Amino acid sequence: MTHANCKLRTALAIAIAVVLSLSSCMAYAQSAAVPASTLALSTGFKFVEMSGEELFVNVCRGCHMSDGKGAAGAGTYPSLAGNRNLEASGYPVHVVVNGQRGMPPFGAMMSDDQVAAVVNYLRTHFDNNYQDAVTAEDVKIVRR
Ligand code: HEC
């Protein structure tokens, strides 16, 4: 192989590599141009349950258990049963909306009505008997 021939082959190899990487870039650009609304990843999710009981069962029970008594194991999930911390209604509203340490925030996934519903359910079940119901308006105030 002559020296010139070798240089030509190298140049060709580089050109092919450039074309290949360019075409993969273009494929990327094309996929990036797909409107966000048609992408599989959603822009977020909201819980659809509306009653406090359904919300508790589907959202809270996983950590706080069906009897509200919580659990200790891989993590510590406090008991919500007969819980004096629920007396001041603003506190559970705040914890559900903003989260607190190991408790994730649910504010972005629940409407004001849903937060009020699950807090009212919690405060009137599991040996809790706080009859001063919170309203959607109370929840709105707690949102940051
Ligand atoms: C991923 C697990 C998890 C889920 C789901 C969860 N919690 Fe919690 N929750 C926790 C943990 C952990 C704490 C303790 C937070 C702390 O250390 O202050 C907590 C604390 C609380 C407290 C404060 C208790 C106290 O005595 O101070 C309330 C009220 C509460 N959760 C209500 C709820 C409600 C209502 C839901 C459903 C909307 C819910 N939690 C869903 C894990 C969870």
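The structure this text deals with has already been given above.
A short tour of the structure in this document, coming up. (Residues numbered from 1 in each chain as written. Predicted model: local features only at pLDDT ≥ 70, side-chain atom pairs only at ≥ 80, totals over all residues.)

## Some words on unusual backbone geometry
Not every positive phi belongs to a glycine, and Phe 126 is a case in point at roughly 55°. Taking the C-beta count within 10 Å as the criterion, Phe 126 has 21 such neighbours and is therefore assigned buried. The backbone phi angle of Asp 127 is positive, close to 65°, even though this residue is not glycine. (Buried ≥ 20, exposed ≤ 12 C-beta atoms within 10 Å, placed from the backbone.)

## Digging into the site of the ligand
As a structural note, the neighbourhood of the ligand is formed by 23 residues, with Cys 60, Cys 63, Arg 101, Gly 102 and Met 103 the closest of them. Broken down by secondary-structure element, the contributors of at least two residues to the shell around the ligand are helix 2 (52-64), helix 3 (90-98) and helix 4 (112-123). Per element, the largest residue contribution to the shell around the ligand is six residues, and it comes from helix 2. Taken together, the residues that form the shell around the ligand break down as 15 nonpolar, seven polar and one charged. (Near = placed C-beta within 6 Å. Helix = DSSP H or I, 4+ residues; strand = E, 2+ residues; numbered from the N terminus. Nonpolar A, V, L, I, M, F, W, Y, C, P; charged D, E, K, R; others polar.)

## As for helix 2
Owing to its 3.6 residues per turn, the α-helix aligns residues three or four sequence positions apart on the same side. The terminal C-alpha atoms of helix 2 lie 15 Å apart, and with 13 residues this falls more than 12% below the ideal 18 Å at 1.5 Å per residue. Asn 58 marks where helix 2 bends most, by close to 45°. Of the residues making up helix 2, those classed as buried are Gly 52, Leu 55, Phe 56, Cys 60 and His 64. Buried residues in helix 2 make contact with strand 2 (76-77) and helix 4. Just beyond helix 2, the residue with positive phi is Met 65, at close to 70°. (Expected span 1.5 Å × (residues − 1). Bend = angle between axes of the 7 residues up to and from the residue. Contact = placed C-beta atoms within 7 Å.)

## Examining the packing of helix 2 against helix 4
Where helix 2 meets helix 4, the closest approach of the two axes is 8 Å, and the angle between their N-to-C directions is 90°. On the basis of their axis angle, the class for helix 2 and helix 4 is roughly perpendicular. Contacts from Gly 52, Glu 53, Leu 55, Phe 56 and Cys 60 of helix 2 reach helix 4 at Gln 114, Ala 117, Val 118, Asn 120, Tyr 121 and Leu 122. Split into classes, the residues belonging to the contact of helix 2 with helix 4 amount to seven nonpolar, three polar and one charged. (Axes fitted to C-alpha atoms, helices over the stretch in contact; angles between N-to-C directions. Parallel < 35°, antiparallel > 145°, perpendicular 65-115°, else oblique.)

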